Amino acid sequence: MRIIAVHLLNDYSGSPKVLMQLLKCWTKNNLITILYTCGGREGFLSNISGVETHNYWYQFANNKILRLLFLLTSQFVLCIKLLFQLKKSDILYINTVLPFGAGIAGKMVGCNVIYHIHETSIKPILLKKILFFIVKKTASEVIYVSHFLANQENINIKKRVLYNVLENDFQKQAHSNYNPSKTTKNVLMICSLKEYKGVNEFVELSKMNTEYTFKIVVNANQNEIDNYFKDIVLPTNLFIYPTQTNTHPFYQDASLILNLSDTNRWVETFGLTILEGMAYGLPAIVPPVGGVIELVENEINGYCIDSKKTDFISKAIQNLFSNKTLYQEMSKKAYQKSFFFSESNFEKEAISIVQNW
């Protein structure tokens with residue numbers, strides 16, 4: 001038995017990180033693991049020990065028409081490649097719904113096709129319908145990252161929920177730096193450089209709270225950052241950082257972690273950066289819908305507030321930073337919650353998924 005894992009865009013975002021954890025788990029347990037992903041850039045899926053990696057062509061484009069054309073081209077190429085490589089005894093593990101060419105190839109060969117679904121907010125809606133139709137027609141099993149997503153995108157085939165978790169090394173380092181008595185008042189957000197991720201709201205909050213430090217780490221290079229903010233006046237208490245391979249110093253320095261996704265345009269299906277912050281004991285402010293509320297309980301280990309209600313978010317930040325007892329209690333609850341999302345539980349499920357076939 002071989003596990004053939006497929007992902008589209010290799011970068012430092014959440015979905016390739018989860019696949020990286022799965023690949024490491026499978027190779028650790030002596031399973032033959034082969035990866036197909038786009039080449040030409042560094043990301044979480046680069047140079048994983050014990051994994052045989054094959055690259056196929058894909059290039060992200062800002063222009064929507066070009067992006068769709070590149071996606072279709074890449075999946076045609078991927079499908080042809082896999083038709084010559086797959087065996088019926090293989091398990092084809094497709095990460096996100098985007099590499100649909102793999103699903104088609106897997107169905108044609110007759111191997112078991114497992115989809116790991118991370119997303120629900122796909123635009124345009126016609127593309128989403130086509131992608132999920134292909135999942136429905138080709139998948140043998142579907143893995144969801146949260147119960148919210150399993151209900152939102154319910155497909156009437158074998159399914160299970162596999163929560164994203166923290167790697168042991170990350171969890172160990174975070175827990176060793178847990179400090180509920182922090183005196184710093186630093187607000188952190190880590191996200192893609194997209195308007196619908198709440199980047200503009202984060203800037204607005206920094207302007208409303210000049211007595212606090214605001215730091216945002218975006219999955220982009222410096223040129224992309226400069227271009228995005230070229231017409232925006234930035235306050236002196238706001239610091240913007242490009243893609244980071246090591247986020248520990250940011251979490252360690254922070255007092256509060258935010259997710260400000262616009263729920264009308266992007267519903268979070270889990271929230272890995274929120275979980276990472278919670279491991280450091282950071283209370284969180286997140287949207288009131290989506291998988292992220294399976295991490296954050298309103299007024300227990302953070303607040304669930306719509307990102308457009310910046311006045312309410314601002315008051316919540318001020319409330320936390322002005323009430324030491326409240327902050328420490330929320331910090332403790334966030335820290336305790338993070339223990340549930342351990343790598344040991346993840347590994348048991350990861351092995352079970354592939355051994356069941």
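Now for a quick tour of the structure. (Residues numbered from 1 in each chain as written. Predicted model: local features only at pLDDT ≥ 70, side-chain atom pairs only at ≥ 80, totals over all residues. Heavy atoms only, no water.)

1. So, helix α1 (residues 14-28)
Step number 1: Between the first and last C-alpha of α1 there are 21 Å, a value that for 15 residues agrees with the 21 Å anticipated at 1.5 Å per step.
Step number 2: Three or more residues of α1 are buried, namely S15, P16, K17, V18, L19, M20, Q21, L22, L23, C25, W26 and T27.
Step number 3: Each element contacted by the buried residues of α1 is listed here: β1 (2-6), β2 (32-38), β4 (91-95), β5 (112-117), α10 (272-279) and α13 (343-355).
Step number 4: Phi for N30, located one or two positions after α1, is positive at around 60 degrees. (Helix = DSSP H or I, 4+ residues; strand = E, 2+ residues; numbered from the N terminus. Expected span 1.5 Å × (residues − 1). Buried < 20%, exposed > 50% of the residue type's maximum accessible area, 1.4 Å probe, protein only. Contact = heavy atoms within 4.5 Å.)

2. Brief notes about the packing of aromatic side chains
Step number 1: Under the counting rule described, the total for this entry stands at 19 aromatic pairs.
Step number 2: Ring plane angle 80 degrees and centroid distance 5.3 Å describe the contact between W57 and F70, whose orientation is recorded as edge-to-face. Of this pair, W57 sits in the loop between β3 (52-56) and α2 (64-85) while F70 sits in helix α2, and the two are 13 residues apart along the sequence.
Step number 3: Take W57: its relative accessible area is 39%, and that puts it in the partly exposed class.
Step number 4: Residue classification places F70 among the buried positions, given a relative accessible area of 17%.
Step number 5: Each ring, one from F202 and one from F214, has its centre 5.4 Å from the other, and the planes form 75 degrees; the classification is edge-to-face. One end of the pair, F202, is in helix α7 (residues 199-208); the other, F214, is in strand β9 (residues 213-218), and 12 residues separate them in sequence. Each of the two residues, F202 as well as F214, counts as buried. (Phe/Tyr/Trp six-rings, centres within 6.5 Å; stacked < 30°, edge-to-face > 60°.)

3. Focus: helix α12 (residues 324-338)
Step number 1: Along its 15 residues, α12 runs 21 Å from first to last C-alpha, staying within 8% of the 21 Å computed at 1.5 Å per residue.
Step number 2: Those residues of α12 lying buried are Y327, M330, S331, A334, Y335 and S338. Burial along α12 is one-sided: seen end-on, the buried residues are contained in an arc of 140 degrees.
Step number 3: Each element contacted by the buried residues of α12 is listed here: α6 (168-176), α10, β13 (302-304) and α11 (310-322).
Step number 4: For α12, the capping residue at the N-terminal end is N323, with a side-chain oxygen 3.3 Å from the backbone nitrogen of T325. (Arc of directions from axis to C-beta. Polar contact = N/O pair within 3.5 Å; in protein donor to acceptor, adjacent residues only side chain to side chain.)

4. Considerations on the side chain of E141
Step number 1: Within the fold, E141 resides in strand β6 (residues 141-144).
Step number 2: Setting aside residues up to four positions removed in sequence, E141 forms contacts with V113, I114, Y115, I157, K158, K159, R160, I353 and W357.

5. Some thoughts on the sheet that holds strand β10 (residues 238-241)
Step number 1: The strand order across the open sheet built from 6 strands is β10-β9-β8-β11-β12-β13, with neighbouring strands paired in parallel fashion. Each of the sheet's edge strands pairs with one partner strand only, and the pair in question is β10 and β13. Going from strand to strand, the sheet's axes swing by 15 degrees on average, the running direction of each strand aside.
Step number 2: Where strand β12 (residues 284-286) lies against β13, 3 bridges are found, and the strand directions are parallel. Opposite V286, over in β13, you have C304 as the bridge partner.
Step number 3: Relative to strand β11 (residues 256-258), α10 is tilted by about 175 degrees, and along the sheet it contacts β8 (186-191), β11 and β12. (Pairing = 2+ DSSP bridges. Axes fitted to C-alpha atoms, helices over the stretch in contact; angles between N-to-C directions.)

6. A word on a nonpolar patch on the surface
Step number 1: Together, F76, I80, L83, F84, I104 and M108 make up a nonpolar patch on the protein surface, roughly 630 Å² of accessible area in all.
Step number 2: Listed by contribution, the elements that provide at least two residues to the nonpolar patch are α2 and α3 (100-109).
Step number 3: Ranked by residue count, the leading element in the nonpolar patch is α2, at 4 residues.
Step number 4: Structurally, the position occupied by I104 is in helix α3. (Patch = residues over 30% accessible without salt bridge, like charges linked within 9 Å, V, L, I, M, F, W, Y side chains within 5 Å. Areas by Shrake-Rupley, 256 points an atom, 1.4 Å probe, with all protein chains shown as cover. Salt bridge = Lys/Arg side-chain N within 4 Å of Asp/Glu carboxyl O.)

Structural measurements only, silent on function.
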